[in-house]
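Topology and contacts: notes
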Amino acid sequence: METGITFMDGLYPNANCCVPPTRGNVDNDPLDAVDISDLIYIVDFIFTQGPAPACETEGDVDGSGEIDITDLVHIVDFIFNGGPPPPSCP
Ligand SMILES: [Ca+2]
Ligand SMILES: [Ca+2]
């Protein structure tokens, strides 16, 4: 993929990568929760060169095939605006 983003191993490389039912557990917490800590993680990754998500698929919240600002928008919409949940893991 040509996103200019290099994925490196996170805290728990490939551990439980994309746990069903959905994407969005960007910080790879063991409860597979999609919450504000995931939002913070993705903001940190996109804007301040924070660590990449351990599981790229979880970080690709909207399932577009890359991690970018649309994933951030999707997770904000889900958490704060009652938007649709992230799509299923592939
Ligand atoms: Ca999480
Ligand atoms: Ca995406």
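Anyway, here's the lowdown on the structure attached to this text.

Conventions we followed
All chains use their own residue numbering, which begins from 1 and follows the written sequence. Naming scheme: in the order in which they are written, chains are lettered from A and ligands are numbered from 1. Whole-chain, interface and lining totals are the exception, using all residues; otherwise, since this is a predicted model, local features are given only for residues with pLDDT of at least 70 and side-chain atom pairs are given and counted only at 80 or more. Heavy atoms from the whole structure form the basis of all side-chain values; hydrogens and water molecules are not counted. Working definition: helices are DSSP H or I runs of at least four residues, strands are E runs of at least two. Numbering for both runs from the N terminus. We call a residue buried when its accessible area falls under 20% of the maximum for its residue type, exposed when it is over 50%, and partly exposed in between, using a 1.4 Å probe and counting protein chains only. Throughout, a residue-residue contact means that at least one pair of heavy atoms, one from each residue, lies within 4.5 Å. Areas reported here follow the Shrake-Rupley algorithm with a probe of radius 1.4 Å; residue values treat only the protein chains shown as occluding. Axis angles are defined between N-to-C directions and span 0 to 180 degrees, where every axis is a line fitted to C-alpha atoms and, for a helix, only to the segment in contact. Under this scheme an angle from 65 to 115 degrees is roughly perpendicular, one under 35 degrees roughly parallel, and one over 145 degrees roughly antiparallel; angles in between are oblique. Note: crossing handedness is left-handed where the near helix turns anticlockwise from the far helix by less than a right angle, and right-handed where it turns clockwise. In this classification, Asp, Glu, Lys and Arg are treated as charged, Ala, Val, Leu, Ile, Met, Phe, Trp, Tyr, Cys and Pro as nonpolar, and every other residue, Gly included, as polar. Disulfide: a pair of cysteine sulfur atoms within 2.5 Å of each other. Side-chain atoms within 4.5 Å link the members of a nonpolar core, which is a set of buried Ala, Val, Leu, Ile, Met, Phe, Trp, Tyr and Cys residues.

1. Focus on the overall build of the protein
- Within the protein, the regular secondary structure consists of three helices and zero strands.
- Listing each helix as α and each strand as β along the protein from the N terminus yields α-α-α.
- The burial tally for the protein puts 36% of its 90 residues in the buried class.
- The long-range share in the protein, meaning contacts at least 24 apart out of those at least 6 apart in sequence, stands at 56%.
- Taken as a whole, the protein presents about 5,100 Å² of accessible surface, with 59% of it coming from carbon and sulfur.

2. Section: the packing of helix H1 (residues 36–47) against helix H3 (residues 69–81)
- Relative orientation of the contacting elements H1 and H3 amounts to 160°, with a least axis distance of 10 Å. Here H3 runs roughly antiparallel to H1, going by the angle between their axes. As for the relative orientation of H1 and H3, their crossing is left-handed in sense. Residues Ile36, Asp38, Leu39, Ile42, Val43, Ile46 and Phe47 of H1 form the contact with H3, whose own contacting residues are Ile69, Asp71, Leu72, Ile75, Val76, Ile79 and Phe80.
- Taken together, the residues of the contact of H1 with H3 break down into twelve nonpolar, no polar and two charged.

3. Some points on the state of the cysteines
- All told, the structure shown has two disulfides when counted by the stated rule.
- Put simply, Cys17 and Cys55 are joined by a disulfide, and their sulfur atoms are 2.2 Å apart. Every disulfide takes its handedness from the sign of the S-S torsion; for Cys17 and Cys55 that torsion is 80°, giving right-handed. Placement of Cys17 in the segment before H1 and of Cys55 in the loop between H1 and helix H2 (56–59) is noted, with a sequence separation of 38 residues between them.
- A relative accessible area of 36% means that Cys17 is categorised as partly exposed.
- The disulfide that involves Cys18 links it to Cys89, with 2.0 Å between the sulfurs. Taking the sign of the S-S torsion, -85° for the link of Cys18 and Cys89, the bridge is left-handed. Taken as a pair, Cys18 in the segment before H1 and Cys89 in the segment after H3 lie far apart in primary sequence, 71 residues in all. In this structure, Cys18 and Cys89 share a single accessibility class: buried.

4. Regarding the nonpolar core
- Membership of the largest hydrophobic core is limited to ten residues, which are Val26, Leu39, Tyr41, Ile42, Phe45, Ala52, Val61, Ile67, Leu72 and Ile75.
- Elements supplying a minimum of two residues to this core: H1 and H3.
- Here this core takes four residues from H1, the largest share from any one element.
- Apart from residues lying up to four places away in sequence, Ile75 is in contact with Gly24, Val26, Val34, Asp38, Leu39 and Val61.

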